[in-house]
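Residue-level structure breakdown
Listed here are the chains, written in short residue letters.
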Amino acid sequence: MAAPPDMEVSSTLSLELLPTDPLLLILSFLDYRDLVSCCYLNRRLNQLSSHDPLWKRHCKKYWLISEEEKARRNQGWRAIFISTYCDLGRYIHYYATLKKAWDDLEQYLGQWCPRMIGSLKESVREEDLDAVEAQIHCKLPDDYRCSFRIHNGQKLVVPGLMGSMALSNHYRSEDLLDIDTAAGGFQQRLGLKQCLPLTFCIHTGLSQYMALESVEGRNKYEIFYQCPDQMARNPSAIVMFITGTSYLEWFTSYVNKVVTGGYPIIRDQIFRYVHDKDCVATTEDITVSVSTSFLPELSSVHPPHYFFTYRIRIEMSKDALPENICQLESRYWRITNAKGDVEEVQGPGVVGEFPVISPGKVYEYTSCTTFTTTSGYMEGYYTFHCLSNKDRFFNVTIPRFHMVCPTFKVSTA
């Protein structure tokens, strides 16, 4: 028997019949696109979707807008989201990541390398980036454009934002190029066709390039150091030491390494030495640790010549007894390449010095080596003698440290 009409219950519950608070809670879980779509469903959802607190999460997630920034702008969250989207909407998937990287880098530089802050340039406008695309007849990737909407690279100064490296007779410091300088160095010659320089060292002429098209064996937006093939008759034969697969990955991974202390600060500069935390050895009161770096500008694939530099840190514990003061007499190295070939080196001192190590004192020095293989490792020991007992000699272990050439591509020319 059917129920009377006045006893029938509707099986469908309209959103319009829900109370306001549950509806606002539901809307708070929507992404900005869905929230905008709700504005077009009906009048009530249009009103609720415009509820200003709903847009706070999106402003913070996509544009990193703080409460202080909101107060300074004297606008509501929804108005801020819309106005920022109108300006930077094409970069919504990159902006927060790149803005945080720049903010973290500036904060770190302000503490450790303050003079570098003054070399950073202000942002560029959309029309400036459009003009560069028209000039070089190539599209710039959105992550690259987004970064330059935050900072237009760096002035051509020393030290360079993208890291330094120094040996006794060699120095490199790479600036992050501003958009106009980069466009001026855009390459159309064979070997570097449609490649845009990202960095530049005024001492070596070295640049890291980004491929704007998939030509000459490169992947689109791949970032690399060029390396001429010295054994090829064709001067356009260029081998690439790859440093990144996209601008976003290249820049943010570098910044993360800097701000987490992965690169040491030496003489107010970022030095691109990589330290393996397991590469530490302690003998009695003396600890030896090693950092390494690959130098592409002094390396080649053809002929095989891979150049590495390493930085040694020797430290005596501050709790050591004063009578443990000692002096380094000699060094012994066992050097092994990827083929298993071994070379042994022994000699007096280190880099012409015979440092004295006392409690709490640190001694650091830099040296280099080359391999004919893409990787190798070194290990050995230092021989010290005690100054309070010159008849006592002892060896201090140097931990094994590996050196590996980055991935590279051989020229197709």
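Please read all numbers here as calculations on a predicted model, not as lab measurements.

What follows is about the overall build of the chain. Scanning the chain for helices and strands turns up 12 helices and 20 strands. Taken against the 2.2 N^0.38 rule, which gives 22 Å for 413 residues, the C-alpha radius of gyration of the chain at 29 Å runs more than 25% over that of a compact globule. If you line up the chain on its principal axes, its C-alpha atoms span 110 × 60 × 55 Å. Scored against the burial criterion, the 413 residues of the chain give a buried share of 46%. Taking contacts inside the chain between residues at least 6 apart in sequence as the whole, the part at least 24 apart equals 61%. Treating the 42 positive side-chain charges of the chain as one cloud and the 48 negative ones as another, the clouds have centres 3 Å apart.

One pass over the structure, following the stated rule, counts 28 salt bridges. Of the charged contacts, one joins Lys 60 and Glu 67 as a salt bridge, the two residues approaching to 4.0 Å between their closest N and O atoms. Residue Glu 67 is classed as partly exposed on the basis of its relative accessible area of 36%. One salt bridge connects Arg 172 with Glu 297, and the closest N-O pair in it is separated by 2.8 Å. Separated by 125 residues along the polypeptide, Arg 172 in strand β2 (residues 170-173) and Glu 297 in the loop between β12 (286-294) and β13 (306-316) bring together distant segments of the chain. We classify Arg 172 as buried; its relative accessible area is 2%. Each member of the salt-bridge network shares a partner with another, and the members are Asp 87, Arg 90, Glu 126, Asp 130, Glu 133, Lys 139, Asp 142, Arg 145 and Arg 149.

Spatial ordering of the open sheet is given by β4-β6-β7-β8-β20, a layout of five strands whose pairing is antiparallel. With one partner strand each, in any of the chains shown, β4 (195-197) and β20 (408-409) form the two edges of the open sheet. Lying over the sheet, helix α12 (residues 247-259) contacts β6 (208-211), β7 (223-228) and β8 (238-244), oriented at roughly 60 degrees with respect to β8.

We now examine the UniProt feature "domain: ApaG" (unreviewed entry) in the chain. The positions that UniProt labels "domain: ApaG" (unreviewed entry) are, in the present scheme, residues 280-410. Split by type, residues 280-410 is 0% helix and 62% strand. Its first and last C-alpha atoms lie 35 Å apart.

Secondary-structure assignment places Thr 383 in strand β18 (residues 375-386). A polar side-chain atom of Thr 383 sits 2.8 Å from a polar atom in the side chain of Asn 395. Sequence-distant contacts of Thr 383, that is, excluding residues within four places in its chain, are made with Gln 327, Leu 328, Glu 329, Ser 330, Phe 393, Phe 394 and Asn 395.

Turning to helix α4 (residues 56-63), a few remarks are in order. Listing the buried residues of α4 in full gives His 58, Cys 59, Tyr 62 and Trp 63. Looking straight down α4, one finds that the buried residues subtend no more than 100 degrees of arc, so they occupy a single side. Phi turns positive one or two residues past the end of α4, at Leu 64, with a value near 55 degrees.

All right, on to the state of the cysteines then. Tallied over the full model, the rule gives zero disulfides. Cys 195 takes part in no disulfide bond, and the closest cysteine sulfur to it belongs to Cys 138, at a distance of 9.4 Å. On the basis of relative accessibility, which here comes to 0%, the residue Cys 195 falls in the buried class. Left unpaired, Cys 201 is separated from the closest cysteine sulfur, that of Cys 227, by 16 Å.

Moving on, we come to the side chain of Glu 379. Note on placement: Glu 379 falls in strand β18. If near-sequence neighbours (up to four positions away) are discounted, Glu 379 is found in contact with Tyr 332, Trp 333, Arg 334, Ile 398, Pro 399 and Arg 400.

Where helix α9 (residues 126-136) contacts helix α10 (residues 142-150), the two axes come as close as 10 Å, and the packing angle between them is 135 degrees. One element, α9, and the other, α10, form an angle in the oblique class. As α9 packs across α10, the resulting crossing turns out to be right-handed. Here Glu 126, Leu 129, Asp 130 and Glu 133 of α9 come into contact with α10, specifically with Arg 145, Phe 148 and Arg 149. Class assignment for the residues of the contact of α9 with α10 results in two nonpolar, no polar and five charged.

Okay, the packing of aromatic side chains next. Per the counting criterion, the structure on display carries 28 aromatic pairs. Seen from their ring centres, Phe 241 and Phe 294 are 5.1 Å apart, and the 70 degrees between their planes marks the pair as edge-to-face. Of this pair, Phe 241 sits in strand β8 while Phe 294 sits in strand β12, and the two are 53 residues apart along the sequence. Classification of Phe 241 by relative accessible area gives buried; the value is 0%. Residue classification places Phe 294 among the buried positions, given a relative accessible area of 12%.

Criteria and thresholds
- Residues numbered from 1 in each chain as written.
- Predicted model: local features only at pLDDT ≥ 70, side-chain atom pairs only at ≥ 80, totals over all residues.
- Heavy atoms only, no water.
- Helix = DSSP H or I, 4+ residues; strand = E, 2+ residues; numbered from the N terminus.
- Rg over C-alpha atoms; globule rule 2.2 N^0.38 Å.
- Buried < 20%, exposed > 50% of the residue type's maximum accessible area, 1.4 Å probe, protein only.
- Contact = heavy atoms within 4.5 Å.
- Lys, Arg positive; Asp, Glu negative; His and termini not counted.
- Charge placed at Lys NZ, Arg CZ, Asp CG, Glu CD.
- Salt bridge = Lys/Arg side-chain N within 4 Å of Asp/Glu carboxyl O.
- Pairing = 2+ DSSP bridges.
- Axes fitted to C-alpha atoms, helices over the stretch in contact; angles between N-to-C directions.
- UniProt positions renumbered as here; feature names shortened; annotations may be inferred.
- Polar contact = N/O pair within 3.5 Å; in protein donor to acceptor, adjacent residues only side chain to side chain.
- Arc of directions from axis to C-beta.
- Disulfide = S-S within 2.5 Å.
- Parallel < 35°, antiparallel > 145°, perpendicular 65-115°, else oblique.
- Left-handed = near helix turned anticlockwise from the far one by under 90°.
- Nonpolar A, V, L, I, M, F, W, Y, C, P; charged D, E, K, R; others polar.
- Phe/Tyr/Trp six-rings, centres within 6.5 Å; stacked < 30°, edge-to-face > 60°.

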